[in-house]
Structures are given as structure tokens and as C-alpha cells.
Amino acid sequence: MSAEVLSRDRVAVVVPIYRHSALLIEAIESVLAQEAEFGIVLILVNDGCPFAETEATCLDYARAHPGRVIYLPKPNGGLSDTRNRGIRFALETFPEVEAVYLLDADNRLRPKALARALAALEAHPEAGWVYPNIDMFGQRYAGDYGGPYSQLLHAQMNICEAGSLIRRAVFEAGVVFDTSFRKGFEDWEFFLSAAAAGFTGVNLEDFGFLYRKRPESMLREAEREGAAIRLAMREKHREAFRPAMLMRLEQAEAPRFAIYLSDRDEVALSSDPGQETERLSPEAFSQRIWLSQSDPSRHPSPPFMVVATEAGLEQLEAAKMLHWAFWALEAAADQKGISALLLQPGSEGRAGLSQSDRPEGRQVLANVLMIRTALLRETLQDESAAWINSLASAACQPAIRLLELNLPPQSAPIAGTAVFSFLSMVQRLRASPWRRGAMMQLGWRKGDIAIREAPHLILRRELSDGVAYPRLRDGGRHVGILLPLIEFGGVEKVALNFVRALRSWGFEPHLFVLERSDAAISDEWRALVGSINFLADPAFRAWGGGQGAYLGTEVPGWAQDGAHGRLLGMLHWLDVVISFHGGAAAGVMGQLRRLGIQTVSSLHLSDLSAFGRPVGNTYLSAAYEHAFDYFAPCSHQLADWCHAMGIPQDKIVAVPNAPSFPLPAEIAQASLRQRAGRDPAEPLRVMYLGRLDAQKGLERLAEVMTSAEAPRFDWRVIGGAVMAGAPLPAVVARHVEPVLTSPEELIAAYDWADVLVLLSGYEGLPLTILEAMRQGVVVIATDVGAVSEVLHDGENGVLLPLEGAVLGCLSALDRLSRDRALLRRLSERARADMNARDWVEAVRPLAQRLQAGFKSAAQK
Amino acid sequence: MDESWKPIVIVVNSDAKSASFLSAIAQVAVIGADDRTFCDLEGNLIGPAQGLPGDVLCFLALSRSALEAHAIADRLWRVEFGVADGLDLEDHTRARNREAEVFAAIARRLSSQLRRSHAGKTRLMREVALLRRDHDNMQGAFASLEAYFHRIVRSERSLTMTLSPDPGLPALSLRPGDEIEQRLPADSPGLSDIGICLRSAPVSGAGSLRVTLELLEDGEAVADWVIPAHQLTEGWLRLSLARALGPDPQTAVLRLVWEGESELRLMPSMPHPDPRFTPRSGAPMLALRLWKFVPGTQAALPVDGHPAQLAPMPDEWNIGLSALRRAQNASPEPGAVEFSDLRTGLFVRPKSEAVAAARIDGAGRPGMVHIFGGVKTEQEAGPEVEYAYALAPANARKRVASHLPQFDQGRVSDWLRLPPNEWRELHLFLDQPLAEPHDLYLLSRVAGKSVAPAPVEACFFRMIGKTAKVAAE
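Parameters at a glance
Numbers given to residues run from 1 along each chain, matching the order in which its sequence is written. To label them, take the chains in the order written and letter them from A, then take the ligands in the order written and number them from 1. Where local features are concerned, this predicted model is filtered to residues with pLDDT of at least 70; where side-chain atom pairs are given and counted, the filter is 80 or more; whole-chain, interface and lining totals use all residues. In computing side-chain properties, one takes all heavy atoms of the structure into account and sets aside hydrogens as well as water. We count a stretch as a helix when DSSP gives it H or I for four or more residues in a row; a strand needs E for two or more, and each element gets its number in order from the N terminus. Domain limits in this description derive from either an automatic procedure or a database domain assignment. As used in this record, nonpolar core signifies buried Ala, Val, Leu, Ile, Met, Phe, Trp, Tyr and Cys residues forming a set joined through side-chain atoms within 4.5 Å. For every residue, the accessible area (1.4 Å probe, protein chains only) is compared with the maximum for its type, and the residue is labelled buried under 20%, exposed over 50%, or partly exposed between those bounds. Note on definitions: a residue-residue contact is assigned when non-hydrogen atoms from the two residues lie within 4.5 Å. Whether two strands pair comes down to DSSP finding at least two bridges between them. In this description, a line fitted to the C-alpha atoms serves as the axis of each element, helices being fitted only across the stretch in contact, and the angle between N-to-C directions of two axes falls anywhere from 0 to 180 degrees. Working definition: a disulfide is two cysteine sulfur atoms within 2.5 Å of each other.

The residue after Ala710(A), namely Pro711(A), is reached through a cis peptide bond having omega 5°. For Pro711(A), the location among the structural elements is in the loop between α28 (698-707) and β33 (713-718). Cis rather than trans, the peptide bond between Leu52(B) and Pro53(B) has omega equal to 5°. By the secondary structure assignment, Pro53(B) is in the loop between β4 (45-46) and β5 (56-61). Even without glycine at this site, Asp265(A) takes up a positive phi of about 50°. Following the sequence through the fold, Asp265(A) ends up in the loop between β12 (257-261) and β13 (266-270).

Turning our attention to the domain arrangement of chain A. Domain annotation of chain A identifies domain 1 (3-238), domain 2 (245-461), domain 3 (478-651) and domain 4 (665-837). Distance from the C-alpha centre of domain 2 of chain A to the C-alpha centre of domain 4 of chain A: 55 Å.

Turning to the nonpolar core, a few remarks are in order. Core analysis: the largest hydrophobic core is formed by 255 residues, its most contacted members being Phe498(A) and Leu813(A). It is helix α14 (residues 322-336) of chain A that provides the largest number of residues to this core, a total of nine residues. When residues no more than four places from it in sequence are discounted, the contact partners of Leu813(A) are Leu684(A), Val686(A), Val704(A), Ala708(A), Phe713(A), Trp715(A), Val755(A) and Ile780(A). Membership of the second largest hydrophobic core comes to 39 residues, among which are Leu198(B), Leu237(B), Leu266(B) and Phe277(B).

Residue and element names in this part refer to chain B. The four strands are arranged β9-β14-β11-β12 in an open sheet whose pairing can be described as antiparallel. What marks the edges here is a single partner per strand, and that holds for β9 (179-187) and β12 (220-228). Shown here is a sheet whose adjacent strand axes are inclined to one another by a mean of 20°, direction ignored. Across six bridges, β9 lies against strand β14 (residues 251-258) in antiparallel orientation. Following the sheet pairing, isoleucine 180 is matched in β14 by leucine 256.

All names here are of chain A. Enumeration according to the criterion identifies zero disulfides over all chains in this entry. Cysteine 58 takes part in no disulfide bond, and the closest cysteine sulfur, belonging to cysteine 49, lies 8.7 Å away. A relative accessible area of 0% places cysteine 58 in the buried class.

Shown next, in the form of C-alpha cells:
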């Protein structure tokens, strides 16, 4: 290196001074004593110190070392302003300076510190700054801040002391000290800004920085004001605390899961089990575990270990339940220490899970096992492996929660080897040559980054401590469909059609079942959604337990006072959440909005109380109007009702119901031909199709069926009971046929019928009516809900007042039986009116509003 | 201070020529047109790097227009530089004998600064004197504490950590020229001795092992040892510092360079996953022993320790617990010699007037003239026991047929007779300092011609060996 290069000033040291007039000399001398093969310029910035001694000392040194020590007085402006001034002066005056070191006036450096630090900066071209461990003198303490730099951890605690060597490029990128941070932690904020600008730090273990620790200091003052300063920091760096950012950082820096794939004998590290990750051999993983054991502050290891086969995980992925499985296992492992998942083929069209804390040996069959790494490490320290080995027996000593998940029946069975593979891995770890050494803490400094052992808790803090669903944002538009249950109800059917339509608009829907652990998940559901999830929270109840009411509807206890963390954690990663009569789920909508998620309430009908008073999700949603971005009523009538209840018009986006399955043109034509060719002398074919419960007016139906019987009328009753209630009337029960689920079955049923009878006490806008009308079935229905929006008496069907509905229905049936021309006219008009009704078009306005919401968020 | 340093006097552009007479004693800085920048008479910028504003003596007004400019500059001083009193004005617009008056004014200002500087320096010198006095007092107190320790406590370095050798692991082999580095698993304050363990002595006695103890944060080597290959034996090699490392905590690293002709094999202890603690990639940690003492203080060197290079030859040696532990039975009776952790002493149990003896190899170091230590019969009742020390050259071991060698005149102490349970100090004074390493024998026998019903619990405690320099103390 030439003499010229050797002598040029490559590092500028900036010392801000205020009131440390006497101690300042030690700082100055420590800089002058630096042993380096490059020039170092020292800039003493007097922040308007009222002590004359400060200026006198600075001037003496500046005069004694001209060109090497520079004195820069300024009016008092605070520490941040003073540092900025010195940095600006250094970079402008000394163009060859490559990095700036910030030394507080009461601290010191060891003689080789700056040479070593600059060498570290050169060795790490990707680093924006080099930061030290904190060796304190005065009140002695030595804190170890070593280990890989983590922006995730840095957002939680100040891991970089101001006494760092910072590359010029950081300042040239516009990163400065924020002068509004006057009460402390200004260095922490600075480094967060640098990280936000894309820079990272690197720790230099033997930096040689010495921090003067006294019982009373600016740091002490800052700690007293800690809460307020942290709040200000969060406000300024909001992006850094967003769940999406924290999840991304977790994936990159501190993956949550170590997934041992026993069929590949590899360990994958990841937070998102669906993402490509770092893969390790078992030996390399063993070294990581033991390294983390020996010094958890420096060396990270994933907080959960998972044992599975790649085939098993692929099966979960095919069933659209991979991420949910990891989430549920993590929640269970949190409580018990160990959780396990047993996969088995279930019934056709159903999915569900059960949980048990007393598996009594069934855990041995598990396909996936998860254990908290902290518990794993404890077992590795045990003298004997007997305790953990008992996992393989019925008398299992470790606490464990077993989840049993029913997969589609066609799923190939996968051998449950997780427990044995896990115990085999434990044996390998226990036999590791690292084991004895790793039990000894060899470093002499105290590890100060305790949170490195549990980085997964960082994201949880943003979610009311709920377990964070392990899924990264991927730029797609993910929509959560929340349903309390999925059986064969109308709301579920509407949701399914919503999902199909949302897909066509470029969204990816995901299904969340809130209240049940078992659901009717058809192949169509599975094909249309990106994932299937169960909340499985025994504390969640859609209704009940409330202390107050809004407009006569009870506000559910869970909505107001429940532990929302679990649901928040499950939904945090979505872009949109649509609650389909989710009841108490309304209680988290405000929190979801604050996370940047668009929230929608899909409304269908008001329920009736025992005394006939309207209640239910419609009123509850109005109570939580502030928490929803949009309301999506299923009819224009319901939309008018929403506005009348005080919901702003701009928030109301009607999504009128449409038939729940497509009717191909050729089938429609065939249906038309078939209907036209029917013999008018045949009995009138009358059908009821729907749920068999009190809402549907079954007692009225029974009365009609009793009077309108063969040979003039031929009846079919198709449906199943969803909710427990009174037994079916005998005449109805005699005709009951099983539920029809497939479009083909439904088309055939509508083809058969001449008339559909629906004498409900209350409704929304039933899909059955729309589907029937589309195929030319004449509908006789009570004028409840939004039925009159589509059914016009005497034009395309028969609309009856609820009062006198039985007589009205009998009269209409009689008329239609005798006047087949009337039947035909009403049929043709019904078909024509339903032709244009289409889910894709129905969802369009909502889809456009949601997309506009994404654009607006991106611009902010 | 730089020889070329001058105070700065500020003038307006129109006064620059008139003020040039000041160049001999001051730097003239001319305000620029923007009222914010300053240049010297050659037009070079003057800024903080050149001493502005700290070195500015005053604003010199030689013309009326300068007075207006001063007001602007004064504001700059207050607002930009935070100088509460602003920029002093020297108004010589009406001066008759301008040069003389200006020189006089500058001289007055400089004198005033000089007086303040003198006062400041005087105060600093007084503070230095106070600190020096405090330092002297503290050093004296510390020296007293050290002396007390050595006299009363028989200062023993504490074995604070042992990473035991694992014979089941392959030894770490060093070929000639190899260098390895072992980070020590402890902080540095008080570190006084480091032990490494050799699997075997090197085949060739040529060459040496160089060991350096370095403190990472300071980047300094604090001690060096050079052990000739022929002195390396199987087992522990203890490297001792004359003064324990000070209280400033740093990371200590041992660097070993093998400059022998054959292979040197070091004992491993255990593998460790942290590569910072492995001397070589994939290798286990070295077997280590670490001793500590009061940080920054001297303690008598242990007889089994190698002193560091350039350390002054020790004046006294500690024949302490580590030496007592390795004492060998030189008695015909097996089991007569036993170290007791409970008593922190070595039992040498006689049964009769026949001498029971323990031998500590190499405990008599060259230069020693005086060895003393405590003895006691650790039982409440029983016969009286006689105690003695003796020295014999190390090579006497091989010639000995009986269990004790022939001790030379002046190499055996008088027998000290003690009743049971009474502690006394035993002394061996040599008429000549030892010229070569000697083995130390600890001798005991039952007094008189009686035979004890059981071996008597005669116990030897740690000893100090002094050279002639300090033996008189």
C-alpha cells in the first residue's frame, strides 16, 4: 500500500460533547492512541455545552493536533443533531473517509479497535456497519451481542450500540439520526432506519469498545422513558412491525421450524412449510442444536422441531391443510410441549379433526410430530432417555396432544412413523460428540440477546400473542372465507359460489371453519379453495355468553371479551376476510383492519327470535359497522335494510344471490324440451328441496301435503336436518329423500318438478328458488326476506303472504294442476327472469372495490 | 502544538490589504461575499479544519464598513456556532498609529488567553499531583495486601477450571512448524496459569514449543513461553505468569507453535460445536487447566510451573496443592502417602521409627535456599511424630535401591518433634542455593522407639521455597 494511501484519512471519529468536559479527555486520548495503518480524523462537536472547560479542552487538542483533531462548536440541539452535524462535516470535508465511528464523550476505545473494525467492514462488503459487544467499565459488565445480525430481533431490542463503525454509503443513502428522538434510543432508531434502507450490520466480537457504565446516565433516563420512546419508534417504523414484514424476516433470519423429513433423512428449516428452505444433513442440524445449546444468545435454532415424511407433508398439501396443520400443531405444542398429527382417510365429502390429551398409545401412529426445541434440549440433557422413549408406548410420560385429521377418503394411507423417527433422531442427538461440550458455557460474556431463543414470539406480539399462521405473503390476493360451520345450508352454498366467483376475479380464497371441528367439505370446496382451516378453539362460540345487546341482538361474549389471539393469528396473513354470518368473529374485524386487511360482512337474512323478533348476524354486523370495510348483502332489499340501519351507502356492495351451480346451455335446452313434452294429464309434480328445520315452515308444508295428495299431486321432499329440533311431521317424513349435493342430481330433481313449494317463516334470498326458476319450475313461496325481489306473483311464480300461506298454497296448487297453460306461462317467465343471474357478475362490484383497496394501500 | 499555528483575525474584504501587516503573528481571514465563508489572504478557504471558529481571536475593524459586517458575523457566531458571547470586535477605525495599536490589542488578548491557559495548566498539574499521591497510596496499600497474603495465606493459585483429557479421542498432532490457537474458556481477570496436557514426550529432544498468551481485544501478547523439547514430558505442562492478569476483562487465546523435529501430540478434552473454541477445524478442544489468583497481583510461582519468557526470575516458589497431589510414595509401605482434599495436605503416615517418605519431583528449584511449610499430626491423641525435609538431585532417583537416597550434608532439615494435633512450621535452610533441580522429600517417623498401633496421621501442608534474595525477609 502506498504511503499516500496509508496516510489518507479513511475513518472519521465523531465525538458529540455535552457536559462530559472532564471525561472527554479519555475518549480523545483513546482515539489518538489508535494503532492503524490509515489516517483517522477526530471531530469534536461541542453541542453548546455550558461548561467553558469543554471548549478549552477541545481547542487545546485541536491546536496540538492540527488537521487530525477538529473542533466544531454548534448551538445546543441534542445528541442526534450533534452527531448529524459531525457526520455531515466529516463526509463533506474529507471525501476519502470511508466510514464514520461515533464515540460518546465518556467512552473509550482500545488501541486496535478502529483498525480491526475497518478490516471487518472490508471483509463484509454487504454490511453497512460493524457493531461491538458491550464491555462496560465503571460498573463492570460484559454483554455479548454476537451472532448473525437480525433485523427481526433488532426491531425488538437495541442490539447495535452507537459505538459502531458505519459505512459512508449509509449516510449517503439519506439515513440520519432523527432529531425528534431527544430522550434516548436515538441510535436504535438510526439503525432501524438503516435497516429499512436495505443495510445490515455485522458484529465484531473483539471490537475493543469500552462503555462507561454509571448508575445515572442518559441511558438510564431513556430506560425510564422507555415505553414512550418505543411507541414513537413503532409509529415511525410501522412497516417494520407489520406482520407481513415480521413473517418475511422470520423466514429469512430465524425460521420457526426444523422439519426432519425422515424419508429423506434431511432437515429443512423454514417458517412457511410450503416454501423452499435451507436443508441440512442430520449431522449439520445436530451441530446447530448443540451450538444453540452452548450459547443460545449467539446461535439460533428453530424453536420447534417437526418430524414427518415428505410424502406425508405432500398429502397434507394435496388436502389443502399443510399450513393449517403446522399452525394447529404449534398451538398444541405450545401448551403441551409435544403435539402429534395422525392422518386417516375420512368419509366422502367430509373433513374434520379430533383432539385428545390422553392418546393412550395412538400417538405411535402419528404421521407428524412437533416438539418445542426448548423441551427437546431438556430431554437431551437427561441422564437417561427413558422418559422421552416412553412416547412410543401407551404409558406415555411426556404430555402430548394428539390431533386426528380426516382426509379425503381417496387419500392413500401413509405409515405413521413420526414418533419412531423422532426417537431415532433423539438418540442421534444424544450420541453426538458435541453433547458434553455443549453443556458448558464457555464464553465469558453474558449473552444479552435472550429473544434469539424464541423469535417466533415477536410476530405473536402483534397478534395478541396468538400463534401466527405460518404462511408468507406471496403477492397473491388471499381471501379468507369465515363460516361458523359447513353443512348444507344456504349460507354455505352462497359462500361456495362466492368462492368460485372470487377465483374468476383473480383472488385465492381460503376456508376457515370457526365453530365446528367437522365439516361437509366436498371435492368442489377442496378444489376451489387454497386451504382448509379449522379454528378448533373450544372457547369460541359464535353466539352466547354476552353481557349486552345492540338493537336487541346479544353481542356474543367472545366478540367482546374473548381471547382473540388465536383467530387473529390464524388470519393475519390474508388480504381480505369475509365473514359469512360468523357471529362473534365480528369481534376481531377491527383488529384485522388495523393489520391492513380488508374486512367484509356477507349478509343473508335476519334470524327470528322465539317470539318472532328479527335478530342475528345482520344486527350484529351493524353493531360492528366500524370494523367492516364493506357489507355484502345477498339482495338489494337487504342492502336497503343495511342503509336504513345506519350503514353508510358507500360501504354497502350488494352481491345478489344467483343459482349455485352453472347450467350448461345444452342441458337447459334438454330440460326445456323435456318439460314441454310432459303429459298434462299426469299428476302435478310438487317438490320441497332444502333443510328440514323450523325456519322452513315444515308444519305448513305438512298441512299442504296432507290436503294435496295423490292422485292429483305427486310429492318429493328432499333434504336433511342441519340442526337438532322437533321431529318431522309424519307426512313429511314419509317422503324424505337424502340430500342432493351434486349439480347433476339437483338438475335432475328440478327437471322432475313442476312446482317448488317453500313456505318458510323467514328467509334471505334462497338459492333453491333461483335454481328452480332457472329450470322453469314454478315456485310457490311465502313473501319473507328478499323472496319478492325475484318472485313476482302471477308473473313468474306465486308469492303468498305468510298469514294464510297454507290455504293460499293449496289454492295455487289446485289452479296450477287444472290450468297447465298457466303453469307453462309462469314457467317460461321464471326461466327468462333467471337467465341473466350469474355469480361472477354478482361479485364484480365487490371484487372491484377490493382491488381498488389494494391499489390504495400500495400507494400509501 | 504545530509550530505554524497562529490565532485568526477576521477582517472584511476592504480591510484585507490594510491588515496584511498582521500576517507575521496571526492568520488573517477575510469574510466572503456570502457573509458565511472565509478565506485567507491567498484566497484559500478557512473552515473548522483550519481552526475556525475556535482559533478566532477577534473581528478587526479598520474601516467603517467593517463595523456593519461585524454585526452580520456576530450573528453567525451566535446562531451557527452557538457561541453565546458572539464575535469580539476590535474597533480601530479611528486609530492614529494603527499598526502599533492593533499589535497591542492582539497582545492584550493573547496575554489574557495565556493567563487563562496558565491557570488551567496549573490546575491540571495540581490534579495530576493529587492523582499521583492517591495512586502511590493505593499501590502501597496493595503491596501491603500482597505481602500479607504471601505471609499469612501462603498464596496459592486456584485451579478454577479443568477440561479433562479424554484418552478415547485421537490426540491433536502438531508437525514441525504447525501453529494452533486455543481460545480459553474463561475471562482474563486473575488468570495466572494455563496447563496443557501432552500425550507423550516428543521423540526427538531437539527444538522447542513456543506458547503465547494473547488478549484479543487489546490485540497484545501478554506472555510467552519457550519450552525446550527435551523438557517436554507426558502429562500436564503448566505455564505460569509471575503476575496474574489484571482486572480488565478480555478474551484470552493461547497460541502454540511447535518448532521441534518430530511430532508433538497434545491431549484433547471434548469436542465443542462452537468453532471459536476448536484449535483446528473439526478437532476437539485441548485438555486444559486454568488457574486464577487475585487480578493484577503477584503470587509465588508454583514449582511445577514454567515461568514466562522475560519474566523476572521468581524470588519464591509455591510448593502447593498441585505439587502435593502429585507426590509419590517413597516409603516401603504402600498407601503410606495420600493427599487429603479435606485437610488440603499430604499424609505421610509412619508406623514406627522407620521413616515414611513422600517425594515431590523437581520441587527444589535452582536458586532455592530456604524451604518452609506447615506440619501437623491430624489426630487428637497418639504418639509424637518427627518431621523433616530433605533434598536430593533428580538423577538420584535412578541410582536408589532403597526407598530413600543418600542425602547430602546440608540437604536435610533437623527433625521437628510434635505432639498430636499441634501445628508448627518446619524449615530447611540450605547453606548453598540449589544449582540444579532437586526432588523434595517429606519425611516422618514415630518419635522414640515406639510402634504405633496404626499409621499416624502425619500431615504436610503447602510450602514456600525462597531464593537468597528474599530468604532474609
